[in-house]
Amino acid sequence: MPLSLYVCDSLVSLRLYRLSLVDAEFVSLPCLKILRLKDIVFHNETTFERLVSSCPVLEELKIDVVWNDGNVYKVHSRSLKRFCFRRSSSLRFDESVPGVVVDAPLLCCLIIDDSVSESFVVTDLESNAKFDISLCFRLWRFDEAKRSIINMFLAWISRVRDMKICAHTFKLIHRYSESSPLPRFGYMSSLYVTLNASELEWFPIFLRSSPNLKSLILERSGSSHQLSRKAMERVSMSSVPECLLTSLEFVEFKAPICGLGPEMMLVWYFLKNSPTLKKLTLPLKSHSTKDDFFKKLLEIPRCSTECEIVIL
């Protein structure tokens, strides 16, 4: 990257691909609003930090790291609203990989797809933020240091309003909860979560920490055959979370279902226990079983008299 690009009074959008960021003592990009970096190399972490912090009106930052470059990404911005960070592969899984630190008080949209970093810290954010989170913090090493990192991670996402969680991240939260209480996700009104079959039994416990949840989208990871009917029966007998009783209005199953026992028990759980439910969306795997599926639905007692069931 030429040094001349570090000083430009009119540049509004900058996209850099497979370049090396040379060290710069002075950066001035007063009009830059969009910055996108892909496969960028920098040998001095201060150079990257200065590049971001010297854009006083920066609103959107996207970083794609294809390989493990060993750098700490420190994002300091008083104007940043949208941040997307992807570090999806590593050539050195046995080594400690530095994480990401974000200090952006106006941040309202964060997308993370990072299977490599040891930590991801957000020091401040808007209370109505929207997050799409795919993190595992090297899940196979779960020690006290990892527990402390996860505790901080949960503390800052507890203020998120709209959240999407991948199966690996949800498993991480599950493991943490086995020895420590979860924080209260009092701001969260919308949740999109991908679940492994083994996490379904614990899912109602997670919902207890989200008392104001209004919209829930469930994605299945793997086959529902992985969970026994006995395990699903324990789900249905769990205590009913506060959100099901007072706020939950929309539930959508994203993965096609075929009317198997475990799936129907989860449908039964929402229909029977939520008086505020307005809409339940269920995609069928095969329309040839539509009549049988309707019969099973009619057998489920409904707590809400206004709930609309949509079959796709």
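Residues numbered from 1 in each chain as written. Predicted model: local features only at pLDDT ≥ 70, side-chain atom pairs only at ≥ 80, totals over all residues. Heavy atoms only, no water.

**Student:** Would you mind showing me how to read the sheet that holds strand β12 (residues 215-221) here?
**Tutor:** Backbone hydrogen bonds hold the strands of a sheet together, and the pairing may be parallel or antiparallel. Ordered by their spatial adjacency, 12 strands build an open sheet running β1-β2-β3-β5-β7-β9-β10-β11-β12-β13-β14-β15, and the pairing between neighbours is parallel. Looking at which strands have only one partner, the edges of the open sheet turn out to be β1 (13-17) and β15 (308-311). Taking each pair of neighbouring strands and ignoring which way they run, the sheet shows an average axis angle of 10°. Pairing analysis gives four bridges linking strand β14 (residues 279-282) to β15, with the strands arranged parallel. Paired with Leu280 across the strands is Ile309, a residue of β15. Packed on one face of the sheet, helix α3 (residues 167-177) meets β9 (130-135), β10 (162-165), β11 (190-196) and β12 and runs near 85° to β11. Its contacts with the sheet put helix α8 (residues 290-298) on β14 and β15, and the angle it makes with β15 is roughly 160°. (Pairing = 2+ DSSP bridges. Helix = DSSP H or I, 4+ residues; strand = E, 2+ residues; numbered from the N terminus. Axes fitted to C-alpha atoms, helices over the stretch in contact; angles between N-to-C directions. Contact = heavy atoms within 4.5 Å.)

**Student:** Explain the sheet that holds strand β8 (residues 120-124) here, please?
**Tutor:** Spatially, β4-β6-β8 is the arrangement adopted by the three strands of the open sheet, whose pairing is parallel. If you trace the sheet from one side to the other, it starts and ends with β4 (73-76) and β8, each paired once. In this sheet, adjacent strand axes meet at a mean angle of 5° when their direction is disregarded.

**Student:** What is the right way to read the environment of Leu3 from this model?
**Tutor:** Its location among the elements puts Leu3 in the segment before β1. Taking the relative accessible area as the measure of exposure, Leu3 reaches 52% and is therefore exposed. It is 8.9 Å that separates the C-alpha atoms of Leu3 and Leu21, two residues lying 18 residues apart in sequence. The contacts of Leu3, once residues within four sequence positions are left out, are Val22, Asp23 and Ala24. (Buried < 20%, exposed > 50% of the residue type's maximum accessible area, 1.4 Å probe, protein only.)

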